[in-house]
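# Close look at the chain arrangement
Each chain is listed here by its residues.
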Amino acid sequence: MNKKENFMQEAVNTALKGLRSNKGGPFGCVIVKDGKIVGRGHNSVTSTNDPTAHAEIVAIRDACKNLGSFQLEGCEVYTSCEPCPMCLGAIYWARPDKVYYGCSQIDAANAGFDDAFIYKEIPLPYDQRSIPFEQFSREIALEPFEEWTKKEDKTEY
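Residues numbered from 1 in each chain as written. Predicted model: local features only at pLDDT ≥ 70, side-chain atom pairs only at ≥ 80, totals over all residues. Heavy atoms only, no water.

### A few points about the nonpolar core
Of all hydrophobic cores here, the largest spans 16 residues; its most connected members are Cys29, Ile31, Val38, Ile60, Ala63, Leu72 and Cys75. Of all the secondary-structure elements, those providing two or more residues to this core are β1 (28–33), α3 (55–67), β3 (75–81) and α4 (85–94). For Ile31, the contacting residues outside a window of four places in its chain are Lys36, Ile37, Val38, Gly39, Ala59, Ile60, Ala63, Leu72, Cys75, Glu76 and Val77. (Core = buried A, V, L, I, M, F, W, Y, C linked by side-chain atoms within 4.5 Å. Buried < 20%, exposed > 50% of the residue type's maximum accessible area, 1.4 Å probe, protein only. Helix = DSSP H or I, 4+ residues; strand = E, 2+ residues; numbered from the N terminus. Contact = heavy atoms within 4.5 Å.)

### Description of the pattern of salt bridges
Note that side chains of opposite charge can pair when their charged atoms are close. By the definition in use, this model includes two salt bridges. Across the pair Glu10 and Arg40 runs a salt bridge, and its minimum N-O distance is 2.9 Å. With a gap of 30 residues between them, Glu10 in helix α1 (residues 3–20) and Arg40 in strand β2 (residues 36–42) connect regions that are remote in the sequence. Assessed through its relative accessible area of 27%, Glu10 is described here as partly exposed. Given the relative accessible area of 34%, Arg40 is considered partly exposed. (Salt bridge = Lys/Arg side-chain N within 4 Å of Asp/Glu carboxyl O.)

And the structure:
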């Protein structure tokens, strides 16, 4: 096995560890920097009652903590399955250099993890989504943005 295959195997092993210990679904992820694993996560949704505890999110949190940074520049993500829309967004916010994934969305759907409905919801008008969205009290909600734009000691990201 080459290094990339070893890291993918680690992501799969992490998925199996979480699955076998009944922590959550069959997903695992490792984050690598300079040839070393700096973050690891398996799906922990059901064991933590946290719908955001997907493998990639857990691994991103672990890597950022270990690196002391809120960005993953210089890192590669190895995930056992193509990221869902939430994890995809988190990956883009974390800004790693590259993502390697094992299984596809179709493989996940065949195992009962179908996120196609989320992709279908995104382009719908807010009032036609299965969970309706309604903008409310924008004038009040603008205050933090106004303060942010004036803040001189902010850490931009």
